[in-house]
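Chain by chain, the residues run as shown.
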Amino acid sequence: MTAAVSRRLALAALALVLSWSVVVPRASAAPEGQLTWGVHVSLAPTWFDPAETPGIITPFMVMYALHDAMVKPMPGNPLTPSLAESWRASSDGLTYDFTLRKGVTFHNGDPVTAEDVKFSFERYRGAAAKTLKERVVAIDTLAPDRVRFRLKGAWPDFLLFYATASGAGWIVPKKYVEKVGDEGFKKAPVGAGPYKFVSFTPGVELVFEAFDKYWRKAPSVKRLVFRVIPDESTRLAALKRGEIDIVYSIRGELAEELQRTPGLTLKPAVIQAPQWVAMLDQWDPKSPWHDRRVRLAANHAIDRKAINEAITLGHSKLTFSVIPSTFGFYWQPPAYAFDPARAKKLLAEAGYPNGFDAGEYYTDVSYANVQEAILNYLQNVGIRSRLRPLERAAYFKGFSEKTYKNLAYLASGAFGNAATRLETFVVGGGAYVYGSYPDIDGLFKEQAAELDQKKREAILHKIQQLVHEKVIFIPIWELAFINGQGPRVGESGLGLIPGHAYSAPYEDVTIKKP
């Protein structure tokens with residue numbers, strides 16, 4: 001059997017696997033009651049628009065309520081048919097045909113059509129836009145319910161990028177967006193998800209109401225309220241008083257207090273969200289970070305186990321990678337031992353016996369306590385830095401615009417595989433990449449077109465080995481996101497979608513019956 005025939009057979013088999021039957025909606029009682037979340041970050045209107053998703057998981061906190069996707073991660077299936085009831089890849093891997101679910105409408109009554117799918121892809125400008133638009137040649141609307149994506153070349157990760165690792169497959173109403181414009185859409189968004197937008201008060205709360213015509217099933221809870229409470233102790237106090245029902249991100253002693261409180265339930269989950277420190281100036285020959293020994297010293301300076309015990313009660317996983325351990329093509333790196341003596345020796349060998357001033361360290365304010373602990377360990381070996389916390393939306397916007405220097409916190413809980421993560425955070429041209437290495441870039445191009453899974457795995461493993469050998473990052477942990485819920489909650493939605501950080505799917509969330 002020739003290699004070409006083998007490839008065609010493999011693609012044909014893939015096409016059969018990717019074709020799914022229609023999900024029949026279940027009859028449900030009328031939505032009732034309200035659940036309120038205590039949210040740990042300031043909500044931003046940019047997260048109301050799938051076109052602007054920045055390669056992190058936070059916008060999906062909103063999008064799983066307000067919008068719907070062609071295909072999306074759901075309980076039991078990371079590629080669940082949603083607005084698309086089925087799809088099929090051609091035998092040569094150059095086209096993907098999607099058939100839309102019949103009778104689905106947006107919240108304003110407009111039907112979801114192939115034109116909306118094409119429009120949503122073409123206006124997408126998020127973190128994966130460059131990758132998708134370089135590789136998708138055209139989108140053809142074959143019928144009101146059929147759309148075809150034509151690719152420049154066979155691309156094994158097309159579905160992952162389109163359906164899970166970006167917002168490109170989350171569909172918005174073409175006519176409405178054209179009528180109100182991009183800014184108008186963010187002020188009054190309309191989607192096809194299980195909940196309709198009601199109101200947004202910046203810095204205070206976001207309110208949704210059930211869309212009882214949602215195709216999968218009518219939601220159980222009538223109103224969802226996302227209340228912004230940046231301070232961790234204030235969030236916990238609100239949960240204890242019954243002012244909120246579900247709380248995000250409670251850590252350290254506060255998590256222990258939540259665990260001890262009658263009626264409250266601690267909900268820790270290790271999510272697909274490694275956190276790490278980026279050494280942004282390592283490509284500048286004048287920077288201390290240009291020396292591999294300095295980067296290695298920083299890794300040996302940090303006691304990750306102690307930080308894990310203190311902040312996430314030991315629930316986080318120490319994987320020493322920026323790739324989630326649950327992802328396809330993951331390679332497990334060796335551990336960096338906590339060894340401050342070795343860190344000081346490496347600094348001295350690099351010409352910094354007294355350490356050096358590392359300037360500002362940029363971070364998302366909601367993880368400032370983690371970064372303070374890291375800075376203290378760096379300070380102990382002579383690497384002196386100052387924390388610069390910013391609100392999450394502004395922080396990631398500044399990062400992607402390449403405005404930072406020195407050190408910066410990074411994390412992502414977005415779906416995908418090792419290749420999607422490497423493309424965003426390691427490979428030249430990635431949304432959050434300040435510099436890259438030619439050998440890694442070359443290998444990445446090689447794997448992108450490789451259809452043999454074993455060969456592709458070997459290449460992606462080699463890339464991850466190079467990331468480790470070059471000491472590109474200071475990996476901290478695979479985060480245990482510690483949440484809590486109060487006594488009114490039946491189903492919180494936390495952990496229903498494996499790896500997902502937040503409650504979802506919202507139509508499955510319930511209030512406990514008296």
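Residues numbered from 1 in each chain as written. Predicted model: local features only at pLDDT ≥ 70, side-chain atom pairs only at ≥ 80, totals over all residues. Heavy atoms only, no water.

Enquirer: Go over the pairing of strand S12 (residues 265-279), please, and point to the residues and values.
Expert: As paired strands, S12 and strand S16 (residues 473-485) are joined by 11 bridges and run antiparallel to one another. Each residue of the ladder has a partner; that of Pro-274, found in S16, is Glu-478. Of the strand pairs in this sheet, S12 and strand S15 (residues 407-411) are connected by five bridges, and their pairing is antiparallel. By the bridge assignment, Val-277 is partnered in S15 with Tyr-409. (Pairing = 2+ DSSP bridges. Helix = DSSP H or I, 4+ residues; strand = E, 2+ residues; numbered from the N terminus.)

Enquirer: So what's going on with the packing of aromatic side chains? Residues and values would help.
Expert: Taken as a whole and assessed by the stated rule, the structure comprises 42 aromatic pairs. With 4.3 Å between their ring centres and 10° between their planes, Tyr-362 and Tyr-404 make a pair best called stacked. Here Tyr-404 lies in the loop between helix H13 (392-400) and S15 and Tyr-362 lies in strand S13 (residues 356-364), a separation of 42 residues in the sequence. Of the two residues, Tyr-362 and Tyr-404, neither departs from the other in class, the shared state being buried. Among the aromatic side chains, those forming a connected cluster through ring pairs are Trp-276, Tyr-362, Tyr-367, Tyr-395, Phe-396, Phe-399, Tyr-404, Tyr-409, Phe-425, Tyr-432, Tyr-434 and Phe-473. It is Arg-123 that lies over the ring of Phe-185; its NZ or CZ is 5.9 Å from the centre. (Phe/Tyr/Trp six-rings, centres within 6.5 Å; stacked < 30°, edge-to-face > 60°. Buried < 20%, exposed > 50% of the residue type's maximum accessible area, 1.4 Å probe, protein only. Lys NZ or Arg CZ within 6 Å of the ring centre and 35° of its normal.)

Enquirer: Tell me about the pattern of salt bridges, and name the residues and values.
Expert: Here the structure, examined in full by the defined rule, presents 32 salt bridges. Across the salt bridge formed by Glu-52 and Lys-186, the nearest N and O atoms sit 3.0 Å from each other. Taken together, the residues span a long stretch of sequence, with Glu-52 in the loop between strand S1 (32-39) and helix H2 (60-66) and Lys-186 in helix H6 (residues 174-187) at a distance of 134 residues. Because the salt bridges share partners, they merge into one network encompassing Asp-49, Glu-52, Arg-123, Arg-125, Asp-182, Glu-183 and Lys-186. (Salt bridge = Lys/Arg side-chain N within 4 Å of Asp/Glu carboxyl O.)

Enquirer: Pulling in residues and values, what's your account of unusual backbone geometry?
Expert: Omega for the bond connecting Ala-504 with Pro-505 falls within 30 degrees of zero, at -10°, which places this linkage in the cis form. With respect to the secondary-structure elements, Pro-505 resides in the loop between strand S17 (489-491) and strand S18 (510-511). Despite not being glycine, Lys-402 shows a phi value in the positive range, around 60°. Residue position: Lys-402 is located in the loop between H13 and S15. The class of Lys-402 is partly exposed, set by a relative accessible area of 35%.

Enquirer: Can you break down the nonpolar core residue by residue, with the values?
Expert: With 115 residues, the main nonpolar core has Trp-37, Phe-208, Phe-226 and Tyr-506 as its most contacted residues. In terms of residue count, the dominant contributor to this core is H2 (seven residues). The contact partners of Tyr-506, leaving out residues within four places of it in the chain, are Trp-37, Met-61, Tyr-64, Ala-65, Tyr-195, Leu-224, Phe-226 and Tyr-248. (Core = buried A, V, L, I, M, F, W, Y, C linked by side-chain atoms within 4.5 Å. Contact = heavy atoms within 4.5 Å.)

Enquirer: Describe the sheet that holds strand S5 (residues 95-100), with residues and values.
Expert: Taking strand neighbours across the sheet as the criterion, the four strands line up as S4-S5-S7-S6 in an open arrangement whose pairing is antiparallel. Here the strands that pair on one side only, and so sit at the sheet edges, are strand S4 (84-89) and strand S6 (136-143). Within this sheet the neighbouring strands show an average axis-to-axis angle of 20°, counted without direction. Pairing analysis gives six bridges linking S6 to strand S7 (residues 146-151), with the strands arranged antiparallel. (Axes fitted to C-alpha atoms, helices over the stretch in contact; angles between N-to-C directions.)

Enquirer: Let's hear about the pairing of S5: which residues, and what values?
Expert: Side chains on a regular strand alternate between the two faces of the sheet. Burial analysis of S5 places five of its six residues in the buried class, the great majority of the element. Two elements, S4 and S5, share five bridges in a ladder whose sense is antiparallel. Of the residues in S5, the one forming a bridge with Ala-89 is Tyr-96. From the end of S4 to the start of S5, which pair antiparallel, there are five residues, and Gly-93 there has a positive phi angle of about 75°. Note: S5 against S7, five bridges, orientation antiparallel.

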